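Here is what each chain is made of, one letter per residue.
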Amino acid sequence: MRTVTLHCSSDLDFLAKLSCVRKAFNLMFEADKTRQYVSQAGKRLVTCLLRASDKTHTLFEEAYDRMIHWVSDQSNWKTLAGELWDRRVECVTFYDVVLDFVLLDAFTDAENPPSAVVAVLNNRWLTQGFKESAFGTAVWSVIKAKSKMVKVSGGFFTHFYGVMEHISPVLAWGLLGPNEDLKTIMLFVKDEVMGFLYDVFSVDTSNYSSNSTLAEDILKHLQIRTTSIFSRLDSAEE
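This text gives an overview of the structure that appears in the document. (Residues numbered from 1 in each chain as written. Predicted model: local features only at pLDDT ≥ 70, side-chain atom pairs only at ≥ 80, totals over all residues. Heavy atoms only, no water.)

## As for the layout of surface pockets
Space inside the second largest pocket adds up to approximately 250 Å³. Those elements that place two or more of their residues in the lining of the second largest pocket are helix H3 (58-72), helix H7 (128-147) and helix H8 (156-176). Broken down by element, the residue count for the lining of the second largest pocket peaks at five residues, all from H8. By residue class, the composition of the lining of the second largest pocket is seven nonpolar, five polar and three charged. (1 Å grid on protein atoms, 1.4 Å probe; cavity = no way out; pocket = protein on both sides within 12 Å on 5 of 7 lines; lining within 4 Å. Points joined across faces, edges and corners; volume = space filled by probe spheres on them. Helix = DSSP H or I, 4+ residues; strand = E, 2+ residues; numbered from the N terminus. Nonpolar A, V, L, I, M, F, W, Y, C, P; charged D, E, K, R; others polar.)

In structure tokens form, the structure reads like this:
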């Protein structure tokens, strides 16, 4: 339950809004233009973060394209729903899968890193370069261990972890490592994502009168936040 996280007044308030948000996202993604916009924005965002970290982005982009291709194939949707159900994701919507399961869980994990990762960060005898390498290996090992436990070979989680193994070590180092400039960028992106979610779940900033009005406002919030993020990332590269 994300009641407190998303600033809702009660569990009932959260659940009522969640029902509306799910329907609005489904309506929003009926448009090919919107699906393409969100897909390309996600790819561009991570690519920019990898560049800001002075890391290659080619392998990520290839893995991302494979995942999007798999998810876009309707013949895979039953398998997708089954895999997510096993992970207690009840609805296959953009909110449930991308925002809740992927991003909000990732933010929580970053606040509570594995003990092996903490040990690397706290080791004063290691150089920063060695720390980053050891840190990346520790995070990568967690992702690889999870990928070996997938129940459906070649399914959603095979593709998902194929993407995460290229970006999790870099993004986690950005959030938890000693590079303050990189950390500032990562925290800015996180704040923009959370700001987007606050806007979506607030009746002060989103019109809950109908599915269509809410869908329009969600798309507006998304465009405003992505524009803000890309403006910041572009300026950081100059």
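## Quick word on H3
Between the first and last C-alpha of H3 there are 21 Å, a value that for 15 residues agrees with the 21 Å anticipated at 1.5 Å per step. Of the positions making up H3, those classed as buried are Phe60, Ala63, Tyr64, Met67 and Trp70. Seen along its axis, H3 keeps its buried residues to an arc of 125 degrees; they face one direction. Exposed residues on H3 whose side chains face more than 90 degrees from its buried face are His69 and Ser72. Structurally, H3 contributes buried residues whose contacts are with helix H2 (32-52), helix H4 (77-86) and H8. (Expected span 1.5 Å × (residues − 1). Buried < 20%, exposed > 50% of the residue type's maximum accessible area, 1.4 Å probe, protein only. Arc of directions from axis to C-beta. Contact = heavy atoms within 4.5 Å.)

## Concerning the environment of glycine 154
Topologically, glycine 154 is positioned in the loop between H7 and H8. On the basis of relative accessibility, which here comes to 33%, the residue glycine 154 falls in the partly exposed class. Along the primary structure glycine 154 and cysteine 48 are separated by 106 residues, whereas in three dimensions their C-alpha atoms are 28 Å apart. Ignoring any residue separated from it by four or fewer positions in sequence, one finds glycine 154 in contact with Trp70 and His159.

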